[in-house]
Amino acid sequence: MCVGKAASSLVFGAGVAFVRPPDSRRGWWMAALKKCQMADPNFPSITRHDLRHTAASLAISAGANVKAVQRMLGHFSAAMTLDTYADLFDDDLDRVGNALDDARMRSTAMSSSASV
């Protein structure tokens, strides 16, 4: 269903009319999954919910904040998002530490060059 579509295009639906949720035992999702598995026998058996988790994981790894991920997933609150994906935000601590260290280094370098 992606053939010929731009990276920014929707895969399912046109943004106005949407595809019905599939029957979990048959229907368009299972047909698409079987096609993938026929093309690649190592293709895993994934669920639509797995795709949702993947989207959340990719957004978090790209640096999205909790509120952005909450809105993207339609969660009632950021707390719900954190309860579900808190372990994925652990890398933020390293990022924050590195950013603070970089800022300190820049500040120290500017202070040194200003006093010369």
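A few points on the structure.

Analysis parameters
- Residues numbered from 1 in each chain as written.
- Predicted model: local features only at pLDDT ≥ 70, side-chain atom pairs only at ≥ 80, totals over all residues.
- Heavy atoms only, no water.
- Buried < 20%, exposed > 50% of the residue type's maximum accessible area, 1.4 Å probe, protein only.
- Helix = DSSP H or I, 4+ residues; strand = E, 2+ residues; numbered from the N terminus.
- Arc of directions from axis to C-beta.
- Contact = heavy atoms within 4.5 Å.
- Polar contact = N/O pair within 3.5 Å; in protein donor to acceptor, adjacent residues only side chain to side chain.
- Patch = residues over 30% accessible without salt bridge, like charges linked within 9 Å, V, L, I, M, F, W, Y side chains within 5 Å.
- Areas by Shrake-Rupley, 256 points an atom, 1.4 Å probe, with all protein chains shown as cover.
- Salt bridge = Lys/Arg side-chain N within 4 Å of Asp/Glu carboxyl O.
- Core = buried A, V, L, I, M, F, W, Y, C linked by side-chain atoms within 4.5 Å.
- Phe/Tyr/Trp six-rings, centres within 6.5 Å; stacked < 30°, edge-to-face > 60°.
- Axes fitted to C-alpha atoms, helices over the stretch in contact; angles between N-to-C directions.
- Parallel < 35°, antiparallel > 145°, perpendicular 65-115°, else oblique.
- Left-handed = near helix turned anticlockwise from the far one by under 90°.
- Nonpolar A, V, L, I, M, F, W, Y, C, P; charged D, E, K, R; others polar.

Let's shift gears to helix H3 (residues 66-73). Residues of H3 that are buried: Val66, Val69, Gln70 and Leu73. In an axial view of H3, the angular spread of the buried residues amounts to 105 degrees, which keeps them on one side of the axis. For H3, the secondary structure elements touched by its buried residues are helix H2 (48-61) and helix H4 (78-85). Measuring from the side-chain oxygen of the N-cap residue of H3 to the backbone nitrogen of Lys67 gives 3.0 Å; that N-cap residue is Asn65. Of the residues trailing H3, Gly74 is marked for its positive phi of about 75 degrees.

Here the focus is a nonpolar patch on the surface. A contiguous nonpolar surface patch, about 270 Å² in accessible area, is contributed by Met1, Val11 and Phe12. Along the chain, Val11 turns up in the segment before helix H1 (28-39). Overall, the relative accessible area of 30% leaves Val11 in the partly exposed class.

Looking now at the nonpolar core. By size, the foremost hydrophobic cluster in this structure holds nine residues: Ala56, Ala59, Ile60, Val66, Val69, Leu73, Ala78, Tyr85 and Phe89. Mapped by element, the contributors of at least two residues to this core are H2, H3 and H4. Once residues lying within four places of it in the same chain are set aside, the contact partners of Val66 are Ala78, Thr81, Leu82 and Phe89.

One pass over the structure, following the stated rule, counts one aromatic pair. Taking 6.0 Å as the distance between ring centres and 85 degrees as the angle between the ring planes, the aromatic pair formed by Trp28 and Trp29 counts as edge-to-face. What makes Trp29 buried here is its relative accessible area of 10%.

Where H2 contacts H3, the axes come no closer than 10 Å and their chain directions differ by 155 degrees. In terms of orientation, H2 lies roughly antiparallel with respect to H3. Viewed along their axes, H2 and H3 form a crossing whose handedness is right-handed. Contacts from Arg52, Ala55, Ala56, Ala59 and Ile60 of H2 reach H3 at Val69, Met72 and Leu73. Of the residues that constitute the contact of H2 with H3, the class distribution is seven nonpolar, no polar and one charged.

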